Amino acid sequence: MLSTTLNKLSLWFSHHSAFSGYFEPVIQRVKPAWRQGLYRAQVLNVTKTIGSFVHITLQPQHQWKAHKAGQHIELTAEFNGRLLTRIFTIASSPEQYAKDKTITLVIKTNELGRFTPQLADELTINSWVNISAAQGEFVFQQSNKPLENPIVMLAGGSGITPMMSMLSEHISATNSPMYLRYIAPLNEHQFVEQLESLAKQHSHFTFDLMTRSEHKSQPLTLLANSDVYCCGPQGLMSDIETLSKDAGANFYQEHFSLAPIVNDDSATEIEVTVTLNGNAFTASNQQNLLIQLESQNAPVIRGCGIGVCHQCHCTKKSGLVKNLLTGDVSDSGEQIIQLCISQPLSDLEMSI
Amino acid sequence: MTQMNYDQFAQELDSIKQNTMAKVGKKDADYIRRVIRWQRYCGWTGRLMLLTGLIHPALWVVGILLLATSKILDNMEIGHNVMHGQYDWMNDKHINSQSYEWDIACDGKSWNRVHNFEHHTYTNVIGKDRDFGYGLLRLSNDFKWKVKNLWQFITYINLSLLFQWGIAYHELAAERVFFGKKKAGRDQRVPHSELKHRFFSKATRQIIKDYVFFPLIAGPLFLWVLVGNLIANLLRNLWTSTIIFCGHFTEHVHTFTEASIENETRGQWYYRQALGSSNIQGGKAFHLMTGHLSFQIEHHLFPDLPSSRYQDVAPQVQEVFKKYQLPYNTGSFSTQYSGVLKRIFKYSLPNAV
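Residues numbered from 1 in each chain as written. Chains lettered and ligands numbered in written order. Predicted model: local features only at pLDDT ≥ 70, side-chain atom pairs only at ≥ 80, totals over all residues.

I tried to follow the overall build of chain A on my own but got confused; where do I start?
Scanning chain A from terminus to terminus reveals 9 helices and 18 strands. Here the C-alpha coordinates of chain A stretch approximately 65 × 50 × 40 Å along the principal axes. Of all 352 residues assigned to chain A, the portion counted as buried reaches 38%. If you take every contact in chain A between residues at least 6 apart in sequence, the share linking residues at least 24 apart comes to 63%. (Helix = DSSP H or I, 4+ residues; strand = E, 2+ residues; numbered from the N terminus. Buried ≥ 20, exposed ≤ 12 C-beta atoms within 10 Å, placed from the backbone. Contact = placed C-beta atoms within 7 Å.)

Structural data, given as structure tokens:
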């Protein structure tokens, strides 16, 4: 109620939807990276590890509420004047946050990406980034009672991050067997030392580090009452889901979106799904988005049609487009695009 | 001049834009945030100093100047450029063309629709670009002479003084005329009711803010603040109108016919922007206060290039114009402005030569 009134006043007197937006650039002089609706976090440590992973330790401002093991956050950082946002699972446990008010992200860097390669090189110690509240449903399902079911965890690549957080949080709460199978390319497994020490301390915990071919040659056996947690590439997750169903086990999974596969070769027609304000449309990479959305009666606005007037702009939440005037491929995160000069390269999520 | 190679001309301008866009980054983001901060500081100090008139009237005058400066920065360097999408690449929630709103009677969204689409796409095309003379002034022989054109200089002065209201009303009418045609199968037209609502709600907000709320909270200083706000708004109106007139209505700008832009190529579009706009020379502070509309040519060639880059690209653009033997219309403020006045007087009379 109060905030609605304040925002109305803000519109009248500061022409911003909220006073915080009006004051933001001034407040940022004192509090770097202060942004309306986001938490600030200070970078305490950035370490590169094998397999082109980077470990980042952040200290969120104290208003940030502790996460549940397995949850993720949106991380926003400014690179060369641009604010970019990506979602990452928190690899550290809520216990660590309770103890020293820090969280750790373990991020696989993708040298072709716009975000992750810069994390290692441009995030300096003591600089500031923004994080969202912790979110996500991939958490231990039996956290309120003693854990009784056998637990099987399957991690593929950077899918290890929620598992680490869940393990450190829950390993002491049970005596029933916990097994982790962690699949990654040879010598690219993260957290090996931590896993070994956990196994030493807790006799009910065992783990295997495998490559994909080893995983294929040694099928999992699941008990009917096990809880199976899986995070990794889509293929792995659907295999394990089938396996769990067949065995009568409970299956829980976490999707993480990999960088979309870019088909920048306009000679091959591809079809993508464009979600606009929650409605799905189909589009091909052979024409600009404006024409295609118009022909399907989407609520788009036509302006000049040649990239000058910005009337057809809309906010792309995710996905890749190519600017037909400059040939630039967009970032995969949120940004404003002009439909009339945008060629879709992947599935898109947008709003007007 | 021999037949111009429009495609090559377009390529050269495109590459200037692309090379410059590649350099855009932190420097430009810091720049616009710095301007926004100074806009805030000027506005706050200005409003406070309006209350010090009793101590010494000179302080009140300084207050007015600061408030006017703040409004000019907000309208020109920040509002106009941000609403053109020049800073959309920053992905800032508040500094982008979709959410920015300015301290002026004209509703930003309505302005954005008409200005960016109609004026920037159809620059100086008679019958399409309603900004050419704003439907009030006869500024070329393309328009039929009417008796009222005899006193159009007075109309011009009135328009300048009331510029924010002129613009607010102009954009409302434009929408009605321009989007009057419906395209089959799709309703893109903004309903009159919404336009009217936007017009009146923004206008009410502005009037209440400057002429009711701030004077009232000043208590006994009611009149000082009311008059101060009035003068600050007038100064902003005069300045913006003067600068904007120098951008398209100077002595030698060209106009175009609707027929001439049929099947126009990108090169021809650039060519029209080049001949339809004019620059003003000046120092850095001057360019800032004009919102870099003193680089009107560059702005029309590259409307979504950050204004912080216009000074860099100007010499490159001039070079290309020279190569294609196009006039690069620039001059001192007094030259350009006297050109505007000449034009207003000249076309007051029928069939001016």
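What am I meant to see in the sheet that holds strand 10 (residues 227–231) of chain A here?
The pairing of strands in a sheet happens through backbone hydrogen bonds and is either parallel or antiparallel. All names here are of chain A. With respect to topology, 5 strands assemble into an open sheet ordered 9-8-7-10-11, the strand pairing being parallel. Each of the sheet's edge strands pairs with one partner strand only, and the pair in question is strand 9 (205–210) and strand 11 (250–254). When the angles between neighbouring strand axes are averaged without regard to direction, this sheet yields 15°. Two strands pair when backbone bridges link them, and strand 7 (residues 151–156) and strand 10 are joined in this way by 5 bridges, in the parallel orientation. Counted as the bridge partner of Met 153 is Tyr 229 from strand 10. On the sheet, helix 8 (residues 234–247) packs against strand 7, strand 8 (178–183), strand 10 and strand 11 and is oriented at approximately 165° with respect to strand 11. (Pairing = 2+ DSSP bridges. Axes fitted to C-alpha atoms, helices over the stretch in contact; angles between N-to-C directions.)

Would you mind going over the interface of chain B and chain A with me for this structure?
Interfaces are often sized by the accessible area lost when the parts come together. Residue-level contacts link 37 residues of chain B with 30 residues of chain A. Among the elements of the structure, helix 2 (26–49), helix 4 (108–121) and helix 7 (192–217) of chain B are those that each provide at least two residues to the side of chain B that touches chain A. At 7 residues, the largest contribution of residues to the side of chain B that touches chain A is made by helix 2 of chain B. A breakdown of the residues in the side of chain B that touches chain A according to their chemical character gives 7 nonpolar, 15 polar and 15 charged. (Nonpolar A, V, L, I, M, F, W, Y, C, P; charged D, E, K, R; others polar.)

Before we go on, may I ask you to explain the packing of helix 8 (residues 222–248) of chain B against helix 13 (residues 333–346) of chain B in this structure?
A pair of packed helices is characterised by two quantities: the angle between their axes and the separation of those axes. All names here are of chain B. The contact between helix 8 and helix 13 brings their axes to 9 Å, and the two run at 85°. On the basis of the axis angle, helix 8 is roughly perpendicular to helix 13. Contacts between helix 8 and helix 13 involve Thr 242, Phe 245 and Cys 246 from the former and Gln 336, Tyr 337 and Val 340 from the latter. Across the contact of helix 8 with helix 13, the residue classes break down as 4 nonpolar, 2 polar and no charged. (Parallel < 35°, antiparallel > 145°, perpendicular 65-115°, else oblique.)

Before we go on, may I ask you to explain helix 2 of chain B in this structure?
Each α-helix turn comprises 3.6 residues. Residues three or four places apart therefore point the same way. An ideal rise of 1.5 Å per residue puts 34 Å on 24 residues; helix 2 of chain B measures up with 34 Å between its terminal C-alpha atoms. Residues of helix 2 of chain B that are buried: B:Asp28, B:Ala29, B:Ile32, B:Arg33, B:Val35, B:Ile36, B:Gln39, B:Cys42, B:Gly43, B:Gly46 and B:Met49. Of the surrounding elements, those touching the buried residues of helix 2 of chain B are helix 2 (19–30) of chain A together with helix 3 (57–83) of chain B. (Expected span 1.5 Å × (residues − 1).)

How should I be thinking about the nonpolar core in this particular structure?
Side chains of a nonpolar character, in soluble globular proteins, are inclined to be buried together. Counting 130 residues, the largest nonpolar core has A:Leu105, A:Ile131, A:Met153, A:Ala155 and A:Met163 as the members making the most contacts within it. When residues of this core are assigned to their parent elements, the largest contribution, 11 residues, is made by helix 3 of chain B. Here this core spans two domains, and each of domain 1 (31–131) and domain 2 (151–254) of chain A adds at least three residues to it. If we skip the residues at most four places from it in the chain, A:Ala155 touches A:Ile160, A:Met163, A:Leu180, A:Tyr182, A:Ile183, A:Cys231 and A:Gly232. (Core = buried A, V, L, I, M, F, W, Y, C linked by C-beta atoms within 7 Å. Domains from an automatic or database assignment.)

What should I look at first to understand helix 5 (residues 160–170) of chain A in this one?
The buried count for helix 5 of chain A comes to 9 of 11 residues, which makes it a mostly enclosed element. Of the residues making up helix 5 of chain A, those classed as buried are A:Ile160, A:Thr161, A:Pro162, A:Met163, A:Met164, A:Ser165, A:Met166, A:Leu167 and A:Glu169.

Could you clarify how one ought to interpret the domain arrangement of chain A in this entry?
Residues and elements named next belong to chain A. Partitioning chain A into structural domains gives domain 1 (31–131), domain 2 (151–254) and domain 3 (271–351). Inter-centroid distance (C-alpha atoms) of domain 1 to domain 2 is 25 Å. Sorting the residues of the side of domain 1 that touches domain 2 by element identifies helix 3 (94–100) and strand 5 (103–108) as the ones contributing at least two each. Within the side of domain 1 that touches domain 2, the residues separate by chemical class into 7 nonpolar, 6 polar and 2 charged.

Looking at this structure, I do not really get the pairing of strand 6 (residues 128–131) of chain A. What am I missing?
Each regular strand shows side chains that alternate between the opposite faces of the sheet. Residue and element names in this part refer to chain A. In this structure, strand 1 (residues 39–49) lies alongside strand 6, joined through 4 bridges in antiparallel fashion. Across the sheet, Arg 40 pairs through a bridge with Asn 130, a residue of strand 6. In the sheet, strand 3 (residues 72–79) pairs with strand 6 via 2 bridges, with the strands oriented antiparallel. Note on strand 6: the bridge partner recorded for Leu 75 is Ile 131.

What should I look at first to understand the environment of B:Lys144 in this one?
Residue and element names in this part refer to chain B. Here Lys 144 shows up in the loop between helix 4 and helix 5 (152–161). Assessed through the 8 C-beta atoms surrounding it within 10 Å, Lys 144 is described here as exposed. In sequence terms Lys 144 and Gly 339 are 195 residues apart; their C-alpha atoms lie 21 Å from each other.

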